[in-house]
Amino acid sequence: MKKLYIETYGCQMNVNDSEVILSILSKAGYERTEEMSEADLILANTCSIRENAEQRVFGRIDVFRLEKKKRPEVLIGIVGCMAERLKDKLLDGRIVDLVAGPDSYRRLPEMVAAVNPGNPQIDVQLSRTETYDDIAPLRLDRNGVSAYISIMRGCNNCCSYCVVPYTRGAERSRDPYTIVREAEEAFAAGYKEVNLLGQNVDSYLWKAPEDCPEHCGESVNFAQLLEKVAAISPQLRVRFSTSYPSDITDEVLYTMAAHSNICRHIHFPVQSGSDAMLEKMRRKYDRKWYLERVARIREIVPDCGLTTDVIAGFCGESEEDHRDTLSLFEEVGFDAAFMFQYSERPGTLAARKFEDDVPPEVKTRRLNEIIALQNRKGAENYRKMIGRRLEVLVEGPSKKTPEDLCGRASNYMMCVWPDSVHKAGDYVQVEVVDATPATLLCRLV
Ligand code: SAH
Ligand code: SF4
Ligand code: F3S
């Protein structure tokens, strides 16, 4: 067996792609190693979402290059979103043997075999149909409890700041029967949770091919897919992300409400609280719509955890726009948020049309104000849970106090409690006795 060392950057979908890559290359005689020094092939599965994500990878390429100096026979490949965005520019002056975009992974074995000194291989062709639906991912062992399943690829939205449509191509939905089969296989292998992944899961829509003998004329939307996956077993939790505020339907919310194993958590990226910014970002909703959807979520799925993403300092953002974001955070009270400063991505609509005119120190100050507000609101939500009884899926020992166990409640809040009886994959009932800003301190009941 040859040895493959792989590093993964970016979103959960990229983690799942690395699992697909491992599966494809395992059939070509590669096994995974966690030691770069013993690898025959080093891959970086990369992310382009913000400039600092790319800078980190360039730093790693320098490290790989040192390894290649020591061992010239080792092959180095850049795959994923940076490969797609930068294409053959990655070959200029860098010791890289292979560049493969997100839709080229099936070709990795032949590309690796074809690499010769001075003859790097590149394939950055995007596809309208590739979903890797017949490939059983070789799970990167995160905790052995929760498995990622990509239900679609690409994105058909055109948020003006975002590079994803360029790096991942057009949206396509995966055959639901292969999704259900993969979830059943994960459950049979001991996983207790599946996380259904897509850039905009609410636009999932699969239509049976016309020549399909079994499912002719059938179509499946996201709510129907959720239903199918939830039906596998009450012991299998179902999570999903990401929900797009203008596309999430009441049908999805009612499906959640009807199945207690569909987790009460929605990741609901708002990006900004200002209508002017939302329009410029080409998001397809306004503040009022967003708040109405939040109210609807809370009405149909009581106790639903809500998390979000936000961008501070987008092009032309005024102090008033920024205050609109702060007031939205105050009003909604998210449990947690991923908070970013705007980073201009070459080639996007915003880079072409708008000036990146908010000074870096203003972006940083605004981001810090959002973070401070969110930390306070998040901590309030955690404190409100004191006294509640929750069902938690055990993930394993707590990182801080290894004699305690940790795991998430249905609403995605992290719980820790003293326990020497249970193990990863068990469901336990706990009572919340105290809370830190991002952890519920519990006891077994
Ligand atoms: N499909 C998801 C987002 C995926 S990217 C959605 O539409 O919600 C994850 C997050 O990165 C985005 O929600 C956004 O907050 C952030 N992001 C994307 N492009 C960015 C940019 N150019 N600068 C800063 N943050 C960005
Ligand atoms: Fe990017 Fe918008 Fe697509 Fe999300 S929905 S991946 S932010 S273009
Ligand atoms: Fe990054 Fe590509 Fe995901 S740009 S966030 S790895 S889709």
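As the structure is a prediction and not an experimental result, all values here were calculated from the model.

Counted according to the given criterion, the structure contains 42 salt bridges. Note that glutamate 319 is salt-bridged to arginine 366, the shortest N-O span being 2.7 Å. With glutamate 319 in helix H11 (residues 319-332) and arginine 366 in helix H13 (residues 360-383), this residue pair connects regions lying 47 residues apart in the sequence. With a relative accessible area of 5%, arginine 366 lands in the buried category. Linking aspartate 434 and arginine 383 is a salt bridge whose minimum nitrogen-to-oxygen distance equals 3.7 Å. Of this pair, aspartate 434 sits in strand S20 (residues 427-436) while arginine 383 sits in helix H13, placing them 51 residues apart in sequence. Look at arginine 383 and you get partly exposed, because its relative accessible area is 49%. The structure contains a network of salt bridges with shared partners spanning Asp17, Asp103, Arg153, Arg168 and Arg172.

Turning to the site of ligand 3, a few remarks are in order. Residues in close proximity to ligand 3 include Cys11, Asn14, Thr46, Cys47, Ser48, Ile49, Cys81, Arg168 and Gln199, which together make up its full environment. Grouping the constituent residues of the shell around ligand 3 by class yields 4 nonpolar, 4 polar and 1 charged.

Attention now moves to the side chain of serine 398. Considering the arrangement of structural elements, one finds serine 398 in the loop between strand S17 (389-397) and strand S18 (404-409). Take serine 398: its relative accessible area is 7%, and that puts it in the buried class. At 3.3 Å, the side chain of serine 398 forms a polar contact with the backbone nitrogen of lysine 400. Within the local environment of serine 398, its side chain forms a polar contact with the backbone nitrogen of threonine 401, the two atoms lying 3.2 Å apart. Filtering out sequence-adjacent residues up to four positions away, serine 398 remains in contact with Asp404, Leu405, Cys406 and Val416.

This part is about the packing of helix H6 (residues 176-188) against helix H7 (residues 222-230). Between two packed helices, both the angle of their axes relative to each other and the distance between the axes serve to describe the pair. One can describe the packing of H6 onto H7 by two numbers: an axis separation of 10 Å at closest approach and a directional angle of 30°. Judged by the angle between their axes, H6 and H7 are roughly parallel. Like other packed secondary-structure pairs, H6 and H7 cross with a definite hand, here right-handed. Contacts from Pro176, Tyr177, Ile179, Val180 and Ala183 in H6 reach Leu225, Lys228 and Val229 in H7. Here the residues of the contact of H6 with H7 are counted per class, giving 7 nonpolar, no polar and 1 charged.

In this section: the side chain of glutamate 171. Mapped onto the elements of the fold, glutamate 171 is located in the loop between helix H5 (164-168) and strand S9 (172-173). Separated by 2.7 Å, the side chains of glutamate 171 and serine 203 make a polar contact. Residues within four places of glutamate 171 in sequence aside, it is in contact with Met152, Arg153, Gly154, Cys155, Asn156 and Ser203.

In the neighbourhood of ligand 2, the contacting residues comprise Cys155, Asn157, Cys159, Tyr161, Cys162, Val164, Pro165, Gln199, Tyr244 and Arg283. Here the shell around ligand 2 is composed, by residue class, of 7 nonpolar, 2 polar and 1 charged.

This part takes up empty space enclosed by the protein. Taken as a whole and judged by the stated rule, the model has 1 cavity of 30 Å³ or more. Roughly 90 Å³ of internal volume is contained in the largest cavity. Taken together, 13 residues make up the lining of the largest cavity; nearest its centre are Asn16, Val20, Thr131, Ser150 and Arg174. Listed by contribution, the elements that provide at least two residues to the lining of the largest cavity are helix H1 (12-26) and strand S8 (152-153). No other element matches H1, which puts 3 residues into the lining of the largest cavity.

Examined bridge by bridge, strand S19 (residues 414-418) and strand S21 (residues 439-444) share 2 bridges and lie parallel to one another. The residue bridging cysteine 415 from the neighbouring strand is leucine 440, located in S21. Here S20 pairs with S21 via 6 bridges, running antiparallel. Bridged to valine 430 within S21 is leucine 444. Counting the residues that bridge the hairpin from S20 to S21 gives 2 residues.

We now examine helix H2 (residues 51-70). The periodicity of an α-helix, 3.6 residues per turn, causes residues three or four places apart in sequence to face the same way. In a regular helix each residue adds 1.5 Å, so 20 residues correspond to 28 Å; H2 covers 30 Å between its end C-alpha atoms and thus fits that length. Within H2, burial applies to Ala53, Glu54, Val57, Phe58, Ile61, Phe64, Glu67 and Lys68. The buried residues of H2 occupy an angular sector of 165° when projected down its axis, which confines them to one face. Exposed side of H2, more than 90 degrees from the buried face: Asn52, Arg56, Leu66, Lys69 and Lys70 are the residues found there.

Here 6 strands make up an open sheet; going across it, the order is S2-S1-S3-S4-S5-S6 and the pairing parallel. Each edge of the open sheet carries a strand with a single partner, namely strand S2 (30-32) and strand S6 (121-123). Neighbour to neighbour, the strand axes of the sheet diverge by 20° on average, direction disregarded. Direction of pairing for strand S4 (residues 75-80) relative to strand S5 (residues 98-100): parallel, over a ladder of 3 bridges. Note on S5: the bridge partner recorded for isoleucine 78 is valine 99. Across the sheet, H2 lies against strand S1 (2-8), strand S3 (41-46) and S4, angled at about 160° from S4, the strand it touches most.

Parameters and conventions
- Residues numbered from 1 in each chain as written.
- Chains lettered and ligands numbered in written order.
- Predicted model: local features only at pLDDT ≥ 70, side-chain atom pairs only at ≥ 80, totals over all residues.
- Heavy atoms only, no water.
- Salt bridge = Lys/Arg side-chain N within 4 Å of Asp/Glu carboxyl O.
- Helix = DSSP H or I, 4+ residues; strand = E, 2+ residues; numbered from the N terminus.
- Buried < 20%, exposed > 50% of the residue type's maximum accessible area, 1.4 Å probe, protein only.
- Near = heavy atom within 4 Å.
- Nonpolar A, V, L, I, M, F, W, Y, C, P; charged D, E, K, R; others polar.
- Polar contact = N/O pair within 3.5 Å; in protein donor to acceptor, adjacent residues only side chain to side chain.
- Contact = heavy atoms within 4.5 Å.
- Axes fitted to C-alpha atoms, helices over the stretch in contact; angles between N-to-C directions.
- Parallel < 35°, antiparallel > 145°, perpendicular 65-115°, else oblique.
- Left-handed = near helix turned anticlockwise from the far one by under 90°.
- 1 Å grid on protein atoms, 1.4 Å probe; cavity = no way out; pocket = protein on both sides within 12 Å on 5 of 7 lines; lining within 4 Å.
- Points joined across faces, edges and corners; volume = space filled by probe spheres on them.
- Pairing = 2+ DSSP bridges.
- Expected span 1.5 Å × (residues − 1).
- Arc of directions from axis to C-beta.

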